[in-house]
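Here's the letter readout for the chains.
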Amino acid sequence: MLEDLQVEDGNRVLEIGTGTGYSTGLMCHRLGDELVTSMEVDPEVSGRAGTALGACGYFPELVVGDGLAGQKDSAPYDRVIATCGVMELPHTWLEQTKPGGIVLATLCGWLYSSALARLTVDADSVARGRLLGGQVSFMLARPQLPPALGILPDLESGEERAARIGTDVLDDWTARFVAQLAVPRTQRLSLSGSDGTEHVLIDVEAGAWAALAQHGKEWTVRQGGPVRLWDAVEDHLLRWRADGAPALDRFEVLVTPEAQRINWPKV
């Protein structure tokens, strides 16, 4: 990741997620302590990292706080790197990055497929770039962790139809990422019963669900709630396949103050 960050002499770097301090130390060695700011939400973790870094002779700025808010006091930065996953890139990071600066972060969702994105920030704090692929995975930032599922809905209700695609497609990392673009706040679980295994997708906040079951080579889906989750997944996956099923490193990312968009090209 540090190679992907494309650090140059004199760059000021913000690291989101100090962790053990290992990558923090590498950046201190490369750039100098005074150019490195590292944020960690857990004070005990930050304290241990500070002790380890000090033992190696490194004394960067270590901040305890919500990394999604960035650290404006030391901004602007030439580079921002995150060692936690985010569902949407916080615009605060872009606002704290110099025009022409680079943000490197892992984009993911609650179906737990993810990809590293390298974006260049312009003068209007709009970021453009691509996914790098490679199945990079980090824990989600704590404020973006999924909610508890709570009491499951009545999966015997809802509208049933033949499914165009079964949930076995979600075993593929890239296909799961594409599905996640359609339903980023959906969680997945399996329920075993006397009639076999039911594969369930639930969006707790939207109050929507889809339950799929396999019968031989065929799949059926029942859906309930205000939106049809599996309809959205099928539409995205079929369009991606029709476009040649491009790999994640072909996907393009655009982040503006209003929205984050991830698109793929036709192959």
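Everything discussed here concerns the structure shown above.
Here is a short report on the structure shown in this document. (Residues numbered from 1 in each chain as written. Predicted model: local features only at pLDDT ≥ 70, side-chain atom pairs only at ≥ 80, totals over all residues. Heavy atoms only, no water.)

**Observations concerning the overall build of the chain**
Then comes step 1: Counting secondary structure elements, the chain contains 5 helices and 14 strands.
Then comes step 2: Seen through its C-alpha atoms, the chain measures out along the principal axes to roughly 60 × 40 × 30 Å.
Then comes step 3: Of all 267 residues assigned to the chain, the portion counted as buried reaches 49%.
Then comes step 4: A separation threshold of at least 6 residues defines the contact pool for the chain, and within that pool the share at least 24 residues apart is 57%.
Then comes step 5: Approximately 12800 Å² of the chain is accessible, and the part contributed by carbon and sulfur atoms is 50%.
Then comes step 6: Here the chain contributes 23 positively and 37 negatively charged side chains, and the mean placements of these two sets differ by 5 Å. (Helix = DSSP H or I, 4+ residues; strand = E, 2+ residues; numbered from the N terminus. Buried < 20%, exposed > 50% of the residue type's maximum accessible area, 1.4 Å probe, protein only. Contact = heavy atoms within 4.5 Å. Areas by Shrake-Rupley, 256 points an atom, 1.4 Å probe, with all protein chains shown as cover. Lys, Arg positive; Asp, Glu negative; His and termini not counted. Charge placed at Lys NZ, Arg CZ, Asp CG, Glu CD.)

**Brief notes about the pattern of salt bridges**
Then comes step 1: Summed over all chains, the structure comprises 13 salt bridges.
Then comes step 2: Taking the shortest distance from any N to any O, the salt bridge between R142 and D42 comes out at 3.5 Å. One end of the pair, R142, is in the loop between β7 (127–133) and β8 (159–162); the other, D42, is in the loop between β2 (36–40) and α2 (43–55), and 100 residues separate them in sequence.
Then comes step 3: For R142, a relative accessible area of 52% corresponds to the exposed category.
Then comes step 4: The shortest N-O distance in the salt bridge between D122 and R128 comes to 3.1 Å.
Then comes step 5: Several salt bridges converge on common partners, so that one network encompasses R161, R164, D231, E234 and D235. (Salt bridge = Lys/Arg side-chain N within 4 Å of Asp/Glu carboxyl O.)

**Re the sheet that holds strand β11 (residues 208–215)**
Strand pairing within a sheet occurs via backbone hydrogen bonds; the two strands may be parallel or antiparallel.
Then comes step 1: The sheet built from 5 strands is open, its strands ordered β8-β12-β11-β10-β9 with antiparallel pairing. Sheet topology places β8 and β9 (187–193) at the edges, where each strand pairs with a single neighbour. When strand polarity is set aside, the average angle formed by the axes of neighbouring strands in this sheet is 20°.
Then comes step 2: One ladder, built from 7 bridges, connects β9 with strand β10 (residues 196–203); its direction is antiparallel. Bridging across to β10, S192 finds its partner in T197. (Pairing = 2+ DSSP bridges. Axes fitted to C-alpha atoms, helices over the stretch in contact; angles between N-to-C directions.)

**Brief notes about the nonpolar core**
Then comes step 1: Grouped together as the largest cluster of nonpolar side chains are 51 residues, with contacts concentrated most on L89, W93, L131, W230, L237 and F251.
Then comes step 2: Dropping the residues within four chain positions of it, L131 is found in contact with L107, A115, L116, A117, F177, L248, D249, F251, V253 and I262. (Core = buried A, V, L, I, M, F, W, Y, C linked by side-chain atoms within 4.5 Å.)

**Quick look at the sheet that holds strand β5 (residues 97–108)**
Then comes step 1: Pairing in this open sheet of 9 strands is mixed, and the strands run β3-β2-β1-β4-β5-β6-β7-β13-β14 from one edge to the other. At either end of the open sheet lies a strand with only one pairing partner, and these are β3 (61–64) and β14 (260–263). For this sheet, the mean inter-axis angle between neighbouring strands, taken without regard to orientation, is 20°.
Then comes step 2: As paired strands, β2 and β3 are joined by 4 bridges and run parallel to one another. Counterpart to T37 in the pairing with β3 is E61.
Then comes step 3: Relative to β3, α2 is tilted by about 165°, and along the sheet it contacts β2 and β3.
Then comes step 4: Sitting on the sheet, helix α4 (residues 173–182) touches β5, β6 (114–121), β7 and β14, and the angle it makes with β6 is about 60°.

**As for the packing of aromatic side chains**
Then comes step 1: Across all of its chains, the model carries 2 aromatic pairs by this definition.
Then comes step 2: Measuring from centroid to centroid gives 6.3 Å for F177 and F251, while their planes differ by 75°, and the two rings are edge-to-face. Here F177 is found in helix α4, whereas its partner F251 is found in the loop between α5 (229–242) and β13 (252–255), with 74 residues between them in sequence. For the pair F177 and F251, one class covers both residues: buried. (Phe/Tyr/Trp six-rings, centres within 6.5 Å; stacked < 30°, edge-to-face > 60°.)

**Topic: α2**
Then comes step 1: Its 13 residues place the ends of α2 18 Å apart at the C-alpha level, agreeing with the 18 Å of an ideal helix rising 1.5 Å per residue.
Then comes step 2: Buried residues in α2 make contact with α1 (22–31), β2 and β3.
Then comes step 3: A distance of 2.9 Å separates the backbone nitrogen of E44 from a side-chain oxygen at the start of α2, and that oxygen is part of D42.
Then comes step 4: At the exit of α2 stands G57, carrying a positive phi of roughly 90°. (Expected span 1.5 Å × (residues − 1). Polar contact = N/O pair within 3.5 Å; in protein donor to acceptor, adjacent residues only side chain to side chain.)

**Points about the packing of α4 against α5**
Then comes step 1: One can describe the packing of α4 onto α5 by two numbers: an axis separation of 8 Å at closest approach and a directional angle of 130°. Taken together, the axes of α4 and α5 lie oblique to each other. Considering the relative orientation of α4 and α5, their crossing is right-handed. Along its contact with α4, which presents T174, A175, V178, A179, L181 and A182, the element α5 presents A232, V233, H236, L237 and W240. (Parallel < 35°, antiparallel > 145°, perpendicular 65-115°, else oblique. Left-handed = near helix turned anticlockwise from the far one by under 90°.)

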